[in-house]
Amino acid sequence: MFFPSVVLGTINSVMSPIVQGTASMLEGQTLDMKKYREEKDRLEYEAMMNDPSTAYLVDDAEFDRQIDELGVTEIGTAAGMYIERGMYKVKKAIQNFFRELLEMLFQAASLTIDTIRTFFLIVLAILGPISFALSVWDGFQSTLTQWICRYIQTYLWLPVADLFSTILAKIQVLMLQNDISELTNNPNIDLDGSNAAYTVFMIIGIIGYFTIPTVAGWIIQAGGAGNYNRAVNNTAMQVGSGAASVGGAVAGNVAGRAGKLLK
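Residues numbered from 1 in each chain as written. Predicted model: local features only at pLDDT ≥ 70, side-chain atom pairs only at ≥ 80, totals over all residues. Heavy atoms only, no water.

Draft legend 1. Expanded view of the overall build of the chain. In terms of helices and strands, the chain carries 9 helices and 0 strands. Each helix (α) and strand (β) of the chain, taken in turn from the N terminus, gives the series α-α-α-α-α-α-α-α-α. Among the 263 residues that make up the chain, the fraction classed as buried is 38%. A total of about 15,000 Å² of accessible surface is found on the chain, and carbon and sulfur atoms cover 64% of it. (Helix = DSSP H or I, 4+ residues; strand = E, 2+ residues; numbered from the N terminus. Buried < 20%, exposed > 50% of the residue type's maximum accessible area, 1.4 Å probe, protein only. Areas by Shrake-Rupley, 256 points an atom, 1.4 Å probe, with all protein chains shown as cover.)

Structural data, given as structure tokens:
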């Protein structure tokens, strides 16, 4: 029990405050982001409800009321309202689908890094006593220092990931605050550019998560992980390319075509 309690216990005790500190930073920014996102959605809904030309798009009761007012003499106008409302729902459904897809890929990237980190730490913890035993022999003295470096480097993946997520969340909070300010001053403003920027940051997050092992390697050097880092970086480029294609569809072609149909 010497190794788990003394060696691993000491390292984990020293590194634990770093993990807890970065986790609390991320939690605070995440809560702020959720609060501002709800506020932005509420303002967008109220802005559309206050405009009679768009209220029927987001509210069923208002749509039924305007249809009833038209009566049977305005069949063409009523048909146009049905088409516009249907296209608006299609546009929102497509945007929500791709946004949820990017968010799922973002969470999958986070889970992948966390799972690999856990696996590496378990393997290092199991093989740690062997590294300690071999280090007493001539020619194997560096085994001990290499094991410690690799364990600490892998342990740092989580706080580095939390810091990266905190920075992204903070930027998104600032973007949401700007959108809320613009909606407050001008309820009729078009926020399609802001939605496209959110998509871009999700793509950045997906790619950035796979660079975390490299960043952790800048903090503390450890040999033997070069091939893995290259594999992770190659995976990041492939995933990022796919995510960028999705983001382009959201920010460009799909939203643009749906927007034209609504005009």
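That covers the picture; the talk isn't over yet.
Draft legend 2. Main features of the pattern of salt bridges. Overall, the coordinates contain 3 salt bridges when judged by the stated rule. Where lysine 40 meets aspartate 179, a salt bridge forms, and the shortest distance between an N and an O atom there is 3.2 Å. One end of the pair, lysine 40, is in helix 1 (residues 2-50); the other, aspartate 179, is in helix 6 (residues 157-185), and 139 residues separate them in sequence. Using a relative accessible area of 7% as the deciding quantity, one classes lysine 40 as buried. Residue aspartate 179 is classed as buried on the basis of its relative accessible area of 3%. Here glutamate 46 and arginine 42 are joined by a salt bridge, their closest N and O atoms 2.6 Å apart. Placement of the pair is glutamate 46 and arginine 42 together in helix 1, with a separation of 4 residues, close to one helical turn. Given a relative accessible area of 37%, arginine 42 falls into the partly exposed group. The structure contains a network of salt bridges with shared partners spanning Glu39, Arg42 and Glu46. (Salt bridge = Lys/Arg side-chain N within 4 Å of Asp/Glu carboxyl O.)

Draft legend 3. Spatial organisation of the nonpolar core. Residues Ile11, Trp147 and Tyr151 are the most contacted members of the largest nonpolar core, which totals 33 residues. By size, the runner-up hydrophobic cluster in this structure holds 8 residues, among which are Phe63, Ala78, Met81 and Tyr88. (Core = buried A, V, L, I, M, F, W, Y, C linked by side-chain atoms within 4.5 Å.)

Draft legend 4. Here's a closer look at the packing of helix 1 against helix 4 (residues 75-134). It is at 14 Å that the axes of helix 1 and helix 4 come closest, and there the two elements cross at 175°. On the basis of the axis angle, helix 1 is roughly antiparallel to helix 4. Counting all contacts with helix 1, which are made through Phe3, Val7, Leu8, Arg37 and Met48, the residues of helix 4 involved are Tyr88, Glu103, Ala125, Gly128, Pro129 and Phe132. When grouped by side-chain class, the residues that make up the contact of helix 1 with helix 4 number 8 nonpolar, 1 polar and 2 charged. (Axes fitted to C-alpha atoms, helices over the stretch in contact; angles between N-to-C directions. Parallel < 35°, antiparallel > 145°, perpendicular 65-115°, else oblique. Contact = heavy atoms within 4.5 Å. Nonpolar A, V, L, I, M, F, W, Y, C, P; charged D, E, K, R; others polar.)

Draft legend 5. Quick look at helix 5 (residues 142-155). Here helix 5 is 14 residues long and its end C-alpha atoms lie 20 Å apart, about the 20 Å a rise of 1.5 Å per residue gives. Those residues of helix 5 that fall on the buried side of the exposure criterion are Thr143, Trp147, Cys149, Tyr151, Ile152, Gln153, Thr154 and Tyr155. Tucked inside the fold, the buried residues of helix 5 contact helix 1, helix 4, helix 6 and helix 8 (212-219). (Expected span 1.5 Å × (residues − 1).)

Draft legend 6. Looking closely at helix 4. Helix length check: helix 4, at 60 residues, gives a terminal C-alpha distance of 87 Å against a target of 88 Å (1.5 Å per residue), a fit within 8%. The largest bend in helix 4 amounts to roughly 45° and is located at leucine 127, with the proline proline 129 lying one to four residues further along. (Bend = angle between axes of the 7 residues up to and from the residue.)

The quantities given are spatial measurements derived from coordinates; they are silent on function.
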